[in-house]
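Listed here are the chains, written in short residue letters.
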Amino acid sequence: MDSVTLYCTAALVAGGIYWFVCVLGPAERKGKRALDLSGGSISAENVKDNYNQYWSFFRKPKEIETAEKVPDFVDTFYNLVTDIYEWGWGQSFHFSPSIPGKSDKDATRIHEEMAVDLIKVKPGQKILDAGCGVGGPMRAIAAHSKAHVTGITINDYQVKRAKLHNKKRAWTIYATSFAVILQMPFDDNSFDGAYSIEATCHAPKLEEVYAEIYRVMKPGSLYVSYEWVTTDKYRDDDEEHREVIQGIERGDALPGMRKYSDIAATARKVGFEVVQEKDLAKPPAKPWWNRLKMGRVAYWRNHVVVVVLSAVGIAPKGTVDVHEMLFKTADYLSRGGETGIFSPMHMILCRKPEKTSSE
Ligand SMILES: C=C(CC[C@@H](C)[C@H]1CC[C@H]2C3=CC[C@H]4[C@H](C)[C@@H](O)CC[C@]4(C)[C@H]3CC[C@]12C)C(C)C
Ligand SMILES: C[S@@+](CC[C@H](N)C(=O)[O-])C[C@H]1O[C@@H](n2cnc3c(N)ncnc32)[C@H](O)[C@@H]1O
(Lines give C-alpha, C1' and ligand atoms only; values in the text may rest on other atoms or scores of the structure.)
(Ligands and ions follow the chains in the order given, each with its own letter.)
Protein backbone atom coordinates (compact mmCIF):
# COMPACT_ATOMS: atom_id res chain seq x y z
CA MET A 1 0.00 0.00 0.00
CA ASP A 2 1.51 3.34 -0.97
CA SER A 3 1.48 6.25 1.45
CA VAL A 4 -1.40 8.06 -0.31
CA THR A 5 -3.66 4.99 -0.01
CA LEU A 6 -2.60 4.57 3.60
CA TYR A 7 -3.35 8.21 4.33
CA CYS A 8 -6.77 8.01 2.66
CA THR A 9 -7.66 4.79 4.49
CA ALA A 10 -6.67 6.29 7.84
CA ALA A 11 -8.69 9.43 7.10
CA LEU A 12 -11.73 7.34 6.14
CA VAL A 13 -11.51 5.22 9.30
CA ALA A 14 -11.09 8.32 11.49
CA GLY A 15 -14.02 10.03 9.71
CA GLY A 16 -16.13 6.89 10.14
CA ILE A 17 -15.40 6.73 13.86
CA TYR A 18 -16.15 10.45 14.23
CA TRP A 19 -19.46 10.02 12.36
CA PHE A 20 -20.41 6.91 14.37
CA VAL A 21 -19.70 8.44 17.76
CA CYS A 22 -20.24 12.16 17.37
CA VAL A 23 -22.69 12.62 14.51
CA LEU A 24 -24.85 9.57 15.17
CA GLY A 25 -23.88 10.61 18.70
CA PRO A 26 -26.56 10.54 21.32
CA ALA A 27 -28.95 7.64 20.96
CA GLU A 28 -31.64 10.05 22.13
CA ARG A 29 -31.76 13.29 20.15
CA LYS A 30 -30.12 16.17 22.01
CA GLY A 31 -29.11 13.80 24.81
CA LYS A 32 -25.74 13.48 26.41
CA ARG A 33 -22.86 12.70 24.04
CA ALA A 34 -21.28 9.23 24.06
CA LEU A 35 -17.90 10.91 24.52
CA ASP A 36 -19.04 12.22 27.92
CA LEU A 37 -20.12 8.88 29.41
CA SER A 38 -18.84 8.71 32.98
CA GLY A 39 -19.39 6.84 36.22
CA GLY A 40 -21.24 9.79 37.76
CA SER A 41 -19.59 10.70 41.06
CA ILE A 42 -17.44 7.56 40.96
CA SER A 43 -13.91 8.17 39.68
CA ALA A 44 -13.16 6.42 36.38
CA GLU A 45 -10.76 3.87 37.85
CA ASN A 46 -13.37 2.71 40.40
CA VAL A 47 -16.32 2.21 38.05
CA LYS A 48 -15.63 -1.46 37.35
CA ASP A 49 -15.26 -2.31 41.08
CA ASN A 50 -18.42 -0.42 41.94
CA TYR A 51 -20.30 -2.25 39.21
CA ASN A 52 -19.08 -5.60 40.59
CA GLN A 53 -20.17 -4.62 44.10
CA TYR A 54 -23.55 -3.47 42.84
CA TRP A 55 -24.02 -6.68 40.92
CA SER A 56 -23.17 -8.98 43.82
CA PHE A 57 -25.51 -7.01 46.11
CA PHE A 58 -28.50 -6.96 43.76
CA ARG A 59 -28.00 -10.32 42.03
CA LYS A 60 -30.69 -11.97 44.12
CA PRO A 61 -32.90 -9.11 45.30
CA LYS A 62 -35.27 -11.32 47.28
CA GLU A 63 -32.33 -12.43 49.41
CA ILE A 64 -31.10 -8.97 50.37
CA GLU A 65 -30.83 -9.18 54.12
CA THR A 66 -29.34 -5.81 54.95
CA ALA A 67 -32.06 -3.35 53.95
CA GLU A 68 -30.06 -0.45 55.45
CA LYS A 69 -27.47 -0.83 52.68
CA VAL A 70 -30.05 -0.51 49.88
CA PRO A 71 -29.92 3.32 49.58
CA ASP A 72 -26.10 3.21 49.19
CA PHE A 73 -26.38 0.71 46.37
CA VAL A 74 -29.22 2.68 44.75
CA ASP A 75 -26.85 5.65 44.82
CA THR A 76 -24.09 3.53 43.23
CA PHE A 77 -26.58 2.31 40.61
CA TYR A 78 -27.40 5.89 39.59
CA ASN A 79 -23.72 6.82 39.41
CA LEU A 80 -23.30 3.95 36.98
CA VAL A 81 -26.39 4.45 34.81
CA THR A 82 -27.25 8.16 34.82
CA ASP A 83 -25.10 9.12 31.82
CA ILE A 84 -26.16 6.07 29.82
CA TYR A 85 -29.82 6.84 30.56
CA GLU A 86 -29.42 10.47 29.48
CA TRP A 87 -27.51 9.43 26.37
CA GLY A 88 -29.89 6.68 25.33
CA TRP A 89 -33.27 7.77 26.72
CA GLY A 90 -33.31 11.47 27.56
CA GLN A 91 -33.77 13.50 30.74
CA SER A 92 -36.94 11.73 31.96
CA PHE A 93 -36.08 8.38 33.51
CA HIS A 94 -39.45 6.67 33.22
CA PHE A 95 -41.85 4.97 30.82
CA SER A 96 -45.13 6.21 29.38
CA PRO A 97 -47.84 4.61 27.24
CA SER A 98 -47.12 5.16 23.56
CA ILE A 99 -49.59 7.46 21.85
CA PRO A 100 -50.33 6.94 18.13
CA GLY A 101 -49.17 9.93 16.11
CA LYS A 102 -47.10 11.38 18.97
CA SER A 103 -43.36 11.20 19.45
CA ASP A 104 -41.82 9.48 22.49
CA LYS A 105 -40.90 12.93 23.77
CA ASP A 106 -44.51 14.13 23.61
CA ALA A 107 -45.86 10.91 25.14
CA THR A 108 -43.37 11.34 28.00
CA ARG A 109 -44.41 14.95 28.61
CA ILE A 110 -48.13 14.08 28.55
CA HIS A 111 -47.56 11.34 31.16
CA GLU A 112 -45.72 13.87 33.36
CA GLU A 113 -48.35 16.58 32.96
CA MET A 114 -51.03 14.08 33.95
CA ALA A 115 -49.31 13.68 37.33
CA VAL A 116 -49.43 17.38 38.16
CA ASP A 117 -52.98 17.75 36.80
CA LEU A 118 -54.05 15.00 39.18
CA ILE A 119 -52.71 16.81 42.25
CA LYS A 120 -54.54 20.02 41.24
CA VAL A 121 -51.91 22.62 42.10
CA LYS A 122 -52.16 26.31 41.38
CA PRO A 123 -49.45 28.57 39.90
CA GLY A 124 -46.90 29.58 42.52
CA GLN A 125 -47.72 26.74 44.92
CA LYS A 126 -44.90 24.60 46.30
CA ILE A 127 -44.74 20.96 45.26
CA LEU A 128 -42.30 18.12 45.90
CA ASP A 129 -40.82 15.70 43.35
CA ALA A 130 -39.76 12.76 45.52
CA GLY A 131 -37.14 10.98 43.39
CA CYS A 132 -36.47 13.53 40.65
CA GLY A 133 -33.60 12.02 38.63
CA VAL A 134 -31.97 14.70 36.47
CA GLY A 135 -35.20 16.67 36.48
CA GLY A 136 -36.88 15.94 33.12
CA PRO A 137 -40.31 15.62 34.77
CA MET A 138 -39.85 18.58 37.11
CA ARG A 139 -39.06 20.92 34.22
CA ALA A 140 -42.08 19.76 32.22
CA ILE A 141 -44.28 19.94 35.30
CA ALA A 142 -43.09 23.41 36.33
CA ALA A 143 -43.65 24.69 32.79
CA HIS A 144 -47.15 23.16 32.63
CA SER A 145 -48.41 24.06 36.11
CA LYS A 146 -46.32 27.16 36.93
CA ALA A 147 -45.82 25.61 40.36
CA HIS A 148 -42.52 25.83 42.25
CA VAL A 149 -41.06 22.33 42.16
CA THR A 150 -38.46 21.04 44.63
CA GLY A 151 -36.77 17.81 43.63
CA ILE A 152 -35.06 15.25 45.82
CA THR A 153 -32.67 12.56 44.64
CA ILE A 154 -30.35 10.30 46.55
CA ASN A 155 -27.66 10.77 43.94
CA ASP A 156 -25.32 13.74 44.10
CA TYR A 157 -24.32 13.45 40.44
CA GLN A 158 -27.99 13.72 39.42
CA VAL A 159 -28.28 16.95 41.47
CA LYS A 160 -25.40 18.40 39.44
CA ARG A 161 -26.96 17.31 36.16
CA ALA A 162 -30.40 18.58 37.17
CA LYS A 163 -29.02 21.97 38.25
CA LEU A 164 -27.20 22.30 34.94
CA HIS A 165 -30.34 21.51 32.92
CA ASN A 166 -32.50 23.73 35.14
CA LYS A 167 -30.26 26.75 34.54
CA LYS A 168 -31.14 26.68 30.87
CA ARG A 169 -34.78 27.24 31.78
CA ALA A 170 -34.39 30.30 33.99
CA TRP A 171 -37.99 31.50 33.67
CA THR A 172 -39.24 29.15 36.36
CA ILE A 173 -37.90 28.52 39.83
CA TYR A 174 -36.48 25.15 40.70
CA ALA A 175 -34.42 23.54 43.39
CA THR A 176 -32.83 20.15 43.61
CA SER A 177 -31.36 18.56 46.68
CA PHE A 178 -29.34 15.56 47.60
CA ALA A 179 -31.31 13.84 50.33
CA VAL A 180 -32.76 10.52 51.23
CA ILE A 181 -36.54 10.45 50.92
CA LEU A 182 -36.67 8.87 54.36
CA GLN A 183 -35.19 11.99 56.02
CA MET A 184 -36.14 14.99 53.96
CA PRO A 185 -34.80 18.36 55.14
CA PHE A 186 -38.27 19.95 55.10
CA ASP A 187 -40.68 21.05 57.83
CA ASP A 188 -43.94 19.27 58.50
CA ASN A 189 -46.90 20.45 56.37
CA SER A 190 -44.74 22.47 53.97
CA PHE A 191 -45.85 21.37 50.45
CA ASP A 192 -49.08 22.04 48.55
CA GLY A 193 -48.72 18.73 46.73
CA ALA A 194 -46.24 15.99 45.90
CA TYR A 195 -45.54 13.37 43.26
CA SER A 196 -43.16 10.49 42.58
CA ILE A 197 -42.55 9.07 39.12
CA GLU A 198 -41.13 5.53 39.13
CA ALA A 199 -38.94 6.26 42.14
CA THR A 200 -40.43 4.77 45.33
CA CYS A 201 -39.82 1.26 43.95
CA HIS A 202 -36.21 1.56 45.18
CA ALA A 203 -37.23 1.70 48.84
CA PRO A 204 -37.10 -1.47 50.92
CA LYS A 205 -40.13 -0.25 52.92
CA LEU A 206 -42.76 1.72 51.03
CA GLU A 207 -44.51 2.54 54.29
CA GLU A 208 -41.54 4.61 55.51
CA VAL A 209 -41.39 6.55 52.23
CA TYR A 210 -45.12 7.30 52.18
CA ALA A 211 -45.02 8.32 55.86
CA GLU A 212 -42.23 10.83 55.21
CA ILE A 213 -43.98 12.30 52.16
CA TYR A 214 -47.21 12.50 54.19
CA ARG A 215 -45.35 14.38 56.94
CA VAL A 216 -44.14 17.19 54.66
CA MET A 217 -47.49 17.66 52.86
CA LYS A 218 -50.07 20.22 53.96
CA PRO A 219 -53.38 18.83 55.22
CA GLY A 220 -55.86 18.56 52.35
CA SER A 221 -53.12 18.35 49.69
CA LEU A 222 -52.68 15.53 47.16
CA TYR A 223 -49.88 13.07 46.36
CA VAL A 224 -49.64 10.96 43.21
CA SER A 225 -47.20 8.14 42.55
CA TYR A 226 -46.50 5.98 39.50
CA GLU A 227 -45.47 2.68 41.09
CA TRP A 228 -43.62 -0.36 39.70
CA VAL A 229 -45.67 -3.46 40.56
CA THR A 230 -46.46 -7.03 39.62
CA THR A 231 -50.05 -7.20 38.35
CA ASP A 232 -52.88 -9.65 39.00
CA LYS A 233 -51.49 -11.77 36.10
CA TYR A 234 -48.28 -12.53 38.01
CA ARG A 235 -48.01 -16.07 39.42
CA ASP A 236 -45.27 -16.86 41.90
CA ASP A 237 -45.38 -20.55 40.92
CA ASP A 238 -44.59 -19.74 37.28
CA GLU A 239 -40.86 -20.02 36.70
CA GLU A 240 -40.85 -17.63 33.73
CA HIS A 241 -42.73 -14.99 35.72
CA ARG A 242 -40.22 -15.24 38.54
CA GLU A 243 -37.28 -15.03 36.11
CA VAL A 244 -38.67 -11.89 34.42
CA ILE A 245 -39.37 -10.08 37.69
CA GLN A 246 -35.99 -11.00 39.14
CA GLY A 247 -34.34 -9.77 35.93
CA ILE A 248 -36.14 -6.44 36.31
CA GLU A 249 -35.27 -6.15 39.99
CA ARG A 250 -31.53 -6.72 39.65
CA GLY A 251 -31.10 -4.56 36.54
CA ASP A 252 -33.02 -1.65 38.10
CA ALA A 253 -31.81 -1.68 41.72
CA LEU A 254 -35.09 -2.83 43.24
CA PRO A 255 -34.91 -4.56 46.61
CA GLY A 256 -38.06 -6.58 45.77
CA MET A 257 -40.98 -5.73 43.51
CA ARG A 258 -44.32 -5.00 45.21
CA LYS A 259 -47.72 -6.45 44.34
CA TYR A 260 -50.26 -4.02 42.91
CA SER A 261 -52.52 -4.79 45.86
CA ASP A 262 -49.93 -3.63 48.43
CA ILE A 263 -49.89 -0.02 47.28
CA ALA A 264 -53.24 1.35 48.46
CA ALA A 265 -53.03 -0.66 51.70
CA THR A 266 -49.70 0.99 52.49
CA ALA A 267 -50.98 4.48 51.65
CA ARG A 268 -53.94 4.01 54.01
CA LYS A 269 -51.68 2.65 56.74
CA VAL A 270 -49.74 5.93 56.94
CA GLY A 271 -52.95 7.99 57.06
CA PHE A 272 -53.66 8.87 53.40
CA GLU A 273 -57.14 8.70 51.92
CA VAL A 274 -56.94 6.89 48.59
CA VAL A 275 -58.73 9.05 46.01
CA GLN A 276 -58.01 6.99 42.89
CA GLU A 277 -55.98 3.96 41.83
CA LYS A 278 -55.47 2.85 38.24
CA ASP A 279 -52.96 0.86 36.23
CA LEU A 280 -52.15 3.33 33.43
CA ALA A 281 -50.53 0.53 31.41
CA LYS A 282 -53.79 -1.34 30.88
CA PRO A 283 -55.60 -1.11 27.52
CA PRO A 284 -56.79 1.08 25.88
CA ALA A 285 -53.35 2.50 26.76
CA LYS A 286 -50.86 1.49 24.05
CA PRO A 287 -47.76 -0.51 25.00
CA TRP A 288 -45.21 1.44 27.03
CA TRP A 289 -42.56 -1.17 26.12
CA ASN A 290 -42.72 -0.34 22.35
CA ARG A 291 -40.01 2.26 22.80
CA LEU A 292 -37.69 -0.36 24.33
CA LYS A 293 -38.24 -2.87 21.53
CA MET A 294 -38.00 -0.57 18.56
CA GLY A 295 -34.32 0.18 18.91
CA ARG A 296 -32.48 -3.13 18.26
CA VAL A 297 -30.18 -1.47 15.75
CA ALA A 298 -29.70 1.51 18.07
CA TYR A 299 -28.81 -0.84 20.94
CA TRP A 300 -26.27 -2.61 18.78
CA ARG A 301 -24.84 0.71 17.63
CA ASN A 302 -24.67 1.87 21.27
CA HIS A 303 -22.90 -1.33 22.27
CA VAL A 304 -20.23 -0.81 19.62
CA VAL A 305 -19.79 2.85 20.67
CA VAL A 306 -19.39 1.88 24.33
CA VAL A 307 -16.93 -0.93 23.54
CA VAL A 308 -14.80 1.38 21.37
CA LEU A 309 -14.85 4.26 23.87
CA SER A 310 -13.90 1.93 26.74
CA ALA A 311 -11.15 0.31 24.71
CA VAL A 312 -9.53 3.67 23.90
CA GLY A 313 -9.91 4.82 27.52
CA ILE A 314 -12.50 7.58 26.94
CA ALA A 315 -15.30 5.81 28.83
CA PRO A 316 -14.34 4.22 32.17
CA LYS A 317 -13.65 0.49 32.36
CA GLY A 318 -16.88 -1.12 33.50
CA THR A 319 -19.10 0.96 31.19
CA VAL A 320 -19.42 -2.05 28.86
CA ASP A 321 -20.64 -4.21 31.78
CA VAL A 322 -23.17 -1.60 32.85
CA HIS A 323 -24.40 -1.22 29.27
CA GLU A 324 -24.69 -4.98 28.88
CA MET A 325 -26.67 -5.20 32.12
CA LEU A 326 -29.08 -2.52 30.81
CA PHE A 327 -29.40 -4.29 27.48
CA LYS A 328 -30.52 -7.49 29.27
CA THR A 329 -32.77 -5.51 31.60
CA ALA A 330 -34.53 -3.96 28.60
CA ASP A 331 -35.45 -7.46 27.45
CA TYR A 332 -36.85 -8.43 30.87
CA LEU A 333 -38.83 -5.19 30.99
CA SER A 334 -40.32 -5.83 27.54
CA ARG A 335 -41.23 -9.37 28.54
CA GLY A 336 -42.84 -8.06 31.72
CA GLY A 337 -44.91 -5.66 29.62
CA GLU A 338 -45.87 -8.15 26.92
CA THR A 339 -46.96 -10.82 29.37
CA GLY A 340 -48.84 -8.20 31.38
CA ILE A 341 -47.30 -9.41 34.66
CA PHE A 342 -45.53 -6.10 35.33
CA SER A 343 -46.55 -2.44 35.24
CA PRO A 344 -44.27 0.59 35.78
CA MET A 345 -47.24 2.92 36.03
CA HIS A 346 -49.63 1.72 38.68
CA MET A 347 -51.01 5.14 39.59
CA ILE A 348 -52.17 5.96 43.10
CA LEU A 349 -53.65 9.33 44.04
CA CYS A 350 -53.85 10.08 47.77
CA ARG A 351 -55.04 12.93 49.95
CA LYS A 352 -53.65 13.92 53.35
CA PRO A 353 -56.85 14.47 55.35
CA GLU A 354 -57.73 18.02 56.46
CA LYS A 355 -57.82 16.85 60.04
CA THR A 356 -55.25 14.21 60.89
CA SER A 357 -55.79 11.65 63.67
CA SER A 358 -53.08 13.29 65.83
CA GLU A 359 -55.11 16.54 66.04
C1 LIG B 1 -37.63 3.78 36.49
C2 LIG B 1 -36.47 3.21 36.25
C3 LIG B 1 -35.77 3.42 34.93
C4 LIG B 1 -36.67 3.13 33.74
C5 LIG B 1 -36.03 3.41 32.38
C6 LIG B 1 -35.82 4.91 32.18
C7 LIG B 1 -34.72 2.61 32.14
C8 LIG B 1 -34.92 1.11 32.36
C9 LIG B 1 -33.95 0.37 31.42
C10 LIG B 1 -33.14 1.47 30.78
C11 LIG B 1 -32.43 1.22 29.49
C12 LIG B 1 -32.28 -0.01 28.97
C13 LIG B 1 -31.49 -0.29 27.78
C14 LIG B 1 -30.46 0.82 27.49
C15 LIG B 1 -29.71 0.60 26.18
C16 LIG B 1 -29.01 -0.75 26.19
C17 LIG B 1 -28.72 1.72 25.94
O18 LIG B 1 -28.05 1.53 24.71
C19 LIG B 1 -29.38 3.08 25.95
C20 LIG B 1 -30.14 3.31 27.24
C21 LIG B 1 -31.18 2.20 27.51
C22 LIG B 1 -32.29 2.27 26.47
C23 LIG B 1 -31.70 2.41 28.97
C24 LIG B 1 -32.48 3.72 29.08
C25 LIG B 1 -33.25 3.89 30.38
C26 LIG B 1 -34.14 2.66 30.69
C27 LIG B 1 -35.19 2.46 29.63
C28 LIG B 1 -35.89 2.24 37.26
C29 LIG B 1 -34.43 2.24 37.43
C30 LIG B 1 -36.63 2.18 38.56
C1 LIG C 1 -35.95 5.92 37.85
S2 LIG C 1 -35.46 7.40 38.55
C3 LIG C 1 -36.87 8.42 38.17
C4 LIG C 1 -36.49 9.86 38.22
C5 LIG C 1 -37.57 10.84 37.81
N6 LIG C 1 -38.78 10.65 38.59
C7 LIG C 1 -37.84 10.72 36.35
O8 LIG C 1 -38.91 10.15 36.01
O9 LIG C 1 -37.02 11.16 35.55
C10 LIG C 1 -35.65 7.15 40.32
C11 LIG C 1 -35.17 8.32 41.17
O12 LIG C 1 -35.47 8.06 42.55
C13 LIG C 1 -34.36 8.50 43.33
N14 LIG C 1 -34.32 7.77 44.62
C15 LIG C 1 -34.36 6.45 44.82
N16 LIG C 1 -34.30 6.17 46.13
C17 LIG C 1 -34.20 7.37 46.78
C18 LIG C 1 -34.11 7.75 48.14
N19 LIG C 1 -34.09 6.86 49.12
N20 LIG C 1 -34.05 9.07 48.43
C21 LIG C 1 -34.06 10.00 47.43
N22 LIG C 1 -34.16 9.69 46.12
C23 LIG C 1 -34.23 8.39 45.80
C24 LIG C 1 -33.16 8.18 42.47
O25 LIG C 1 -32.04 8.88 42.89
C26 LIG C 1 -33.68 8.60 41.10
O27 LIG C 1 -33.48 9.97 40.94
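Above this text you will find the structure in question.
Residues numbered from 1 in each chain as written. Chains lettered and ligands numbered in written order. Predicted model: local features only at pLDDT ≥ 70, side-chain atom pairs only at ≥ 80, totals over all residues. Heavy atoms only, no water.

1. Digging into the side chain of Asp279
Short version of the rule: Think of it this way: any DSSP run of H or I at least four residues long counts as a helix, any run of E at least two long counts as a strand, and we number them from the N terminus. Each residue is assigned to one of three classes by its accessible area relative to the maximum for its type, calculated with a 1.4 Å probe on protein chains only: buried under 20%, partly exposed between the two thresholds, exposed over 50%. Residues scored as charged are limited to Lys and Arg (positive) and Asp and Glu (negative), so that His and the chain ends carry no count. By salt bridge we mean one thing: a side-chain nitrogen of Lys or Arg within 4 Å of a carboxyl oxygen of Asp or Glu. A contact between two residues is defined here by any heavy atoms of the two lying within 4.5 Å.
One can find Asp279 in strand β7 (residues 273-279). Lys282 is the oppositely charged side chain nearest to the buried, salt-bridge-free Asp279, at an N-O distance of 4.9 Å. Not counting chain neighbours up to four residues away, the residues in contact with Asp279 comprise Thr231, Ser343, Met345 and His346.

2. Things to note about the packing of aromatic side chains
So the rule is basically this: In summary, the pairing rule links any two rings of Phe, Tyr or Trp, Trp by its six-membered ring, whose centres are within 6.5 Å, and it sorts them by plane angle into stacked for under 30 degrees, edge-to-face for over 60 and tilted for everything else. In this scheme, Lys NZ or Arg CZ marks a charge over a ring once it lies within 6 Å of the ring centre and within 35 degrees of the ring normal.
Scanning the entire structure with this criterion turns up 20 aromatic pairs. Between Tyr214 and Phe272 the ring centres are 5.0 Å apart and the planes differ by 80°, which places this aromatic pair in the edge-to-face class. With Tyr214 in helix α7 (residues 206-216) and Phe272 in the loop between α9 (260-269) and β7, this residue pair connects regions lying 58 residues apart in the sequence. Relative accessible area serves as the criterion here: at 3%, Phe272 is assigned to the buried category. Each ring, one from Trp228 and one from Phe342, has its centre 5.2 Å from the other, and the planes form 70°; the classification is edge-to-face. Taken as a pair, Trp228 in strand β5 (residues 217-230) and Phe342 in strand β8 (residues 342-351) lie far apart in primary sequence, 114 residues in all. Among the residues examined, Phe342 registers a relative accessible area of 2% and is labelled buried. When the ring centre of Trp89 is taken as origin, the NZ or CZ atom of Arg291, which lies over that ring, is 3.7 Å away.

3. A look at the site of ligand 1
We apply this condition: Only a single heavy atom is needed: when it lies within 4 Å of a molecule or strand, its residue is near that molecule or strand. Any pair of nitrogen or oxygen atoms within 3.5 Å is treated as a polar contact; in protein, a donor-acceptor pairing is required on top of that, and neighbouring residues in sequence qualify only through side-chain atoms on both sides. Where accessible areas are quoted, they stem from the Shrake-Rupley method and a 1.4 Å probe; at the residue level, only the protein chains shown are allowed to cover.
Tyr78, Glu198, Trp228, Asn302 and His323 are the nearest of the 22 residues found near ligand 1. Interatomic distance of 2.7 Å between a side-chain N/O atom of Asn302 and an oxygen atom of ligand 1. For ligand 1, an oxygen atom lies 2.6 Å from a polar atom in the side chain of His323. Coverage of ligand 1 by the protein amounts to 99% of the 640 Å² it exposes when considered alone.

4. Here's the deal with the site of ligand 2
Heads up, the condition is: Gly is placed with the polar residues, together with every amino acid not listed as nonpolar (Ala, Val, Leu, Ile, Met, Phe, Trp, Tyr, Cys and Pro) or charged (Asp, Glu, Lys and Arg).
Surveying the vicinity of ligand 2 reveals 20 residues, the closest of which are Phe93, Gly131, Thr153, Gln158 and Ile181. In this structure, a nitrogen atom belonging to ligand 2 sits 2.7 Å away from a main-chain N or O atom of Gly131. A distance of 2.8 Å separates an oxygen atom of ligand 2 from a polar side-chain atom of Thr153. Expressed as a share of its isolated accessible area of 590 Å², the protein-covered part of ligand 2 is 95%. Within the residue set of the shell around ligand 2, elements represented by two or more residues are α3 (70-88) and β2 (148-153). Looking at the shell around ligand 2, its residues break down into 12 nonpolar, seven polar and one charged.

5. Side note on the pairing of β2
For clarity, the threshold we go by: Here, strands pair whenever DSSP counts at least two bridges between them. By definition, the crossover connecting two strands over a helix is right-handed if that path, from the first strand to the second, turns clockwise as seen with the strands pointing away from the viewer.
Counting buried residues along β2, five of its six residues qualify, which places the element largely inside the surrounding structure. As paired strands, strand β1 (residues 126-130) and β2 are joined by five bridges and run parallel to one another. Each residue of the ladder has a partner; that of Ile127, found in β2, is Val149. The handedness of the β1 to β2 crossover, carried by helix α5 (residues 136-145), is right-handed.

Function cannot be read off these values alone, since they describe shape.
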